Amino acid sequence: MSGTFEALYYPERLHLVNPAGDIGLVTLWSPLRSAKKRLAAISPELLDPDHSRVAVISNLYGDGMYAMLCNLLFNPQVRHLIAIGQDLGLPTCSELEAFLEHGLEDTVMLGTPVKRIQGTGRVFPAIPEFDERRLRSRLSFSYLGKLSSESLPSELIRQLHELPSDPGDFMPERLRVDLVAAGSD
C-alpha cells in the first residue's frame, strides 16, 4: 500500500485508523462512537493503526456522498468501501452500487446542468474534474448490515482478508475536486 490518507473535506467527521490503509468503512447513520465500540469488540486490530487495513471510518450524516467520493479521488490508495450500520431505509447503499455499476448521466436541475447517478434521484455537481470512471474502475463496495447483525463479525473479517490488497503497478495521482453544491453556479 502506498500513499497516506489526507481528508480534503470534512476531516472533523472522519476517524483515521491507518492512513496507509486501502479500505474505508462507512457507518451510514450509525454514530461513529457506536461503530468504533462494535469494531473493537469484533477485533481490536480493526482500530489498530499498525495492523488495520482500514484507512478511515466515517458516517454519512447529511449529504456527504459526493464529498466522500471527492476525498477518495484525492486518496486513490483507498480502493474498497464497506458499509456497516443503520441505513434508516434510505437508498445510500443502492445509490453507491448504482454509481459503481452504471455511472452518471447528464441532466438538468432547476435550469442548471448536473450529473445524476443513473437509475436514482441522487445528483452531483457537473464538475469536469470529477473522474467517475477512475472511481468506478478502482473502487469496490459492499454493505454488511447493521452493527447488531450476528453475521457482521464473520463477514467483516472475511472481507478484510479476501479483498485484494495489492493495487497493482499503477497508482493514480491524487485528484483534487472542488466541492460545490449540485445546482449552484
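Residues numbered from 1 in each chain as written. Predicted model: local features only at pLDDT ≥ 70, side-chain atom pairs only at ≥ 80, totals over all residues. Heavy atoms only, no water.

Q: Describe in detail the sheet that holds strand 4 (residues 80-83), supporting the description with residues and values.
A: Within the open sheet, the 5 strands sit side by side as 1-3-2-4-8. Their pairing is mixed. A strand with exactly one partner marks an edge of an open sheet, and here the two such strands are strand 1 (14-16) and strand 8 (140-143). For this sheet, the mean inter-axis angle between neighbouring strands, taken without regard to orientation, is 20 degrees. Strand direction decides the pairing type here: strand 2 (residues 23-26) and strand 4, joined by 4 bridges, are parallel. Pairing of G24 across the sheet is with L81, part of strand 4. Packed on one face of the sheet, helix 3 (residues 92-102) meets strand 4 and strand 8 and runs near 155 degrees to strand 8. (Pairing = 2+ DSSP bridges. Helix = DSSP H or I, 4+ residues; strand = E, 2+ residues; numbered from the N terminus. Axes fitted to C-alpha atoms, helices over the stretch in contact; angles between N-to-C directions. Contact = heavy atoms within 4.5 Å.)

Q: Summarise the sheet that holds strand 5 (residues 104-109); cite the residues concerned and give the values.
A: Strand order across the open sheet formed by 3 strands is 5-6-7, with antiparallel pairing between neighbours. Either end of the sheet is taken by a strand with one partner, and the two such strands are strand 5 and strand 7 (123-125). Here the strands of the sheet are splayed against their neighbours by 45 degrees on average, with no regard to which way each runs. Of the strand pairs in this sheet, strand 6 (residues 112-117) and strand 7 are connected by 3 bridges, and their pairing is antiparallel. Each residue of the ladder has a partner; that of K115, found in strand 7, is F124. Contacts from helix 3 reach strand 5, strand 6 and strand 7 within the one sheet, and its direction differs from that of strand 6 by about 100 degrees.

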